[in-house]
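Reading the structure
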Amino acid sequence: MISSPAGSADGGPGAPGDPGTGATPLPSWLPIREDLAGHTAYGAPQIDVPVRLNTNENPYPPSPAMAQAIAQAVADVAGTLNRYPDRDAMALRRDLAAYLGHGLRADQVWAANGSNEIIQQLFQAFGGQGRTALGFEPSYSMHPLIALATGTRWISGARDADFGLEPDHALAAIRAHHPDLVFLTSPNNPTGAALAPEVIEAVCAAAPGMVVVDEAYAEFARDTSATALTLLPRCRRLVVTRTMSKAFALAGARVGYLAADPAVPQALLLVRLPYHLSAVTQAVARAALALASEPLATVAALREQRDDLVAWLRGRGLRVADSDANFVLFGEFGDRHAVWQALLDRGVLIRETGPAGWLRVTAGTPAEMSAFRGALSAVLARGDGPPAPPITATRRAAASRRGSTSRAGSPGPDESAVSGQPAAEVQR
Ligand SMILES: Cc1ncc(COP(=O)(O)O)c(C=O)c1O
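Now for a quick tour of the structure. Treat the numbers as computed from the prediction; the structure is a model and nothing was measured.

Criteria and cut-off values
- By convention here, each chain's residues receive numbers from 1 onward along its written sequence.
- Whole-chain, interface and lining totals are the exception, using all residues; otherwise, since this is a predicted model, local features are given only for residues with pLDDT of at least 70 and side-chain atom pairs are given and counted only at 80 or more.
- Where side-chain values are given, they derive from all heavy atoms of the structure, hydrogens and water being excluded.
- Numbering goes from the N terminus for both helices and strands, where a helix is a DSSP run of H or I of at least four residues and a strand is a run of E of at least two.
- Between buried and exposed lies partly exposed: a residue is buried under 20% and exposed over 50% of the maximum accessible area for its type, with that area taken using a 1.4 Å probe on protein chains only.
- It only takes one pair of heavy atoms within 4.5 Å for two residues to be counted as in contact.
- To measure how exposed things are, a 1.4 Å probe is used in the Shrake-Rupley method; for residues, cover is taken only from the protein chains shown.
- A pair of strands is labelled paired if DSSP reports no fewer than 2 bridges between them.
- Here, a salt bridge means any side-chain nitrogen of Lys or Arg that lies within 4 Å of a carboxyl oxygen of Asp or Glu.
- Lines fitted to the C-alpha atoms define the axes, with helices restricted to the stretch that makes contact. Angles between their N-to-C directions range from 0 to 180 degrees.
- Helix crossings are classified by the rotation of the near helix relative to the far one: an anticlockwise turn of less than a right angle makes the crossing left-handed, while a clockwise turn makes it right-handed.
- Ten residues, namely Ala, Val, Leu, Ile, Met, Phe, Trp, Tyr, Cys and Pro, are considered nonpolar, four, namely Asp, Glu, Lys and Arg, are considered charged, and the remaining ones, Gly among them, are considered polar.
- We call a set of buried residues a nonpolar core when its members are Ala, Val, Leu, Ile, Met, Phe, Trp, Tyr or Cys and they connect through side-chain atoms within 4.5 Å of each other.

1. A short note on the overall build of the chain
- When its secondary structure is counted, the chain shows 12 helices and 12 strands.
- Looking at the chain residue by residue over its 428 residues, the buried ones come to 56%.
- Pairs at least 24 residues apart make up 75% of the contacts formed inside the chain by residues separated by at least 6 positions.
- By element, 55% of the accessible surface of the chain is carried by carbon and sulfur atoms, the whole surface being about 17200 Å².

So this is what it looks like as structure tokens:
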């Protein structure tokens, strides 16, 4: 069994025998495509424990008012479910454009079942057989996995030692590979920091094809004005993807969207399935958007939880990557699995992901954070996975000389990792 990159960010090999994760080897009589055989499906563990901090959801459920508005919207649409939904989801796209601002219009916005489906449609339209996509890892594991599923060749470019991305480095990879698609994740999952808009603009200027900026965590950024949406008027082949799964606390509803030149949604009409977004999903998303200020109020609280968490972890002598998202990457542990397991044994589920030796924890409620801190303190006290020495002054100076956008300690995948295969570090 080959461990695919499915598990790197929010995915991961599932437990053997766990239905739906693909962790059980397929029987040899099944004529699956050769390029899929042996891969492991996405499968972040779904374990019923008191404190779940492993898939970057918003821990605050919809308020009673929001739940009531959603229930009413579903009731309103229920009597029309004999009909197919609005195929082009125009009303929802208008609402999403209004939410995004930046002068965007409905014809520049497209919606689908989660941003994963948006990304899949982008691969279907702009990638595929004989085409190449480039990403900079460690990053969101589904980008290479969807590349695989759509027959697109995936090039794994490396990030800097501090998980940032220097323009020169990105441009060199683009010149070397002439990718049809470039993926930039900002804020990056699982490392946490956002890219400076100048880096994105430089990539747009150099890339021969489409540039996709995955902004799933944009609302949590320390500087929310630094979104790639500002670049759309100047960068015609730029696509910015967003989701309602994180800040909007609507992961269960499956709504993702993009903003781009109107030609992009036009192109996606060719690959989307007819009526891909159900009338129920459209109604739920619109009801949530009408009350956007409610879930967005939790974002401020979660940013605070995240910043407190970063400070607390650093106070424990751990290495911690700067974060613009609702999660924090920390390490380095000689045996991170032992630390992950010891936390789970104490009822706290986090993610074993990212570069070797690092772990990722989602910002939760104050009670969840307190449970996490208690559990980690106990695990560290018993000597599990003692942290490696803190980042040295020399390495920190080298990182800041490179003008990087994030600060952390561990070497990421080496530049030589630029190849047809994802970097080994992200394969859990
Ligand atoms: C960077 C990034 N992009 C996209 C997604 C997919 O989100 P969804 O399909 O729920 O919209 C995730 C989920 O964790 C993510 O981390």
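So, next bit.
2. A look at the sheet that holds strand 10 (residues 327–331)
- Spatially, 9-10-12 is the arrangement adopted by the three strands of the open sheet, whose pairing is antiparallel. Two strands lie at the open edges of the sheet, namely strand 9 (319–320) and strand 12 (359–362), each paired on one side alone.
- Where strand 10 meets strand 12, four bridges bridge the pair, whose relative direction is antiparallel. Directly across from Val 328, in strand 12, lies its bridge partner Val 361.

3. Regarding the pattern of salt bridges
- Using the criterion set out here, one finds 12 salt bridges in the structure.
- Put simply, Arg 33 and Asp 35 hold a salt bridge, and the shortest N to O gap is 2.9 Å.
- Overall, the relative accessible area of 33% leaves Asp 35 in the partly exposed class.
- Residues Asp 307 and Arg 306 are paired through a salt bridge, measuring 3.0 Å at the closest nitrogen-oxygen approach.
- The class of Asp 307 is partly exposed, set by a relative accessible area of 37%.
- Take Arg 306: its relative accessible area is 0%, and that puts it in the buried class.
- One network of salt bridges, with partners in common, ties together Glu 215, Glu 219 and Arg 242.

4. With respect to the packing of helix 1 (residues 64–78) against helix 8 (residues 279–290)
- Two elements in contact, helix 1 and helix 8, have axes separated by 9 Å at closest approach and are oriented at 145 degrees. Once helix 1 is placed against helix 8, the crossing between them reads as right-handed. Contact residues: helix 1 offers Met 66, Ala 69, Ile 70, Ala 73, Val 74 and Val 77, while helix 8 offers Ala 279, Val 280, Ala 283, Val 284, Ala 287 and Ala 288.
- When grouped by side-chain class, the residues that make up the contact of helix 1 with helix 8 number 12 nonpolar, no polar and no charged.

5. Here we look at the environment of Ala 78
- Positionally, Ala 78 belongs in helix 1.
- Judged by its relative accessible area of 42%, Ala 78 falls in the partly exposed class.
- Expressed as a C-alpha distance, the spacing of Ala 78 and Val 280, which sit 202 residues apart in the sequence, is 7.8 Å.

6. Comments concerning the nonpolar core
- If you look at the biggest cluster of nonpolar residues, it comprises 54 residues, and the most contacted ones within it are Leu 184, Ile 200, Val 211, Leu 238 and Met 244.
- Looking at this core element by element, the count peaks at seven residues for helix 8.
- Ignoring any residue separated from it by four or fewer positions in sequence, one finds Val 211 in contact with Val 182, Leu 184, Val 203, Cys 204, Arg 237, Leu 238 and Val 239.

Just geometry here; none of it tells us what the structure is for.
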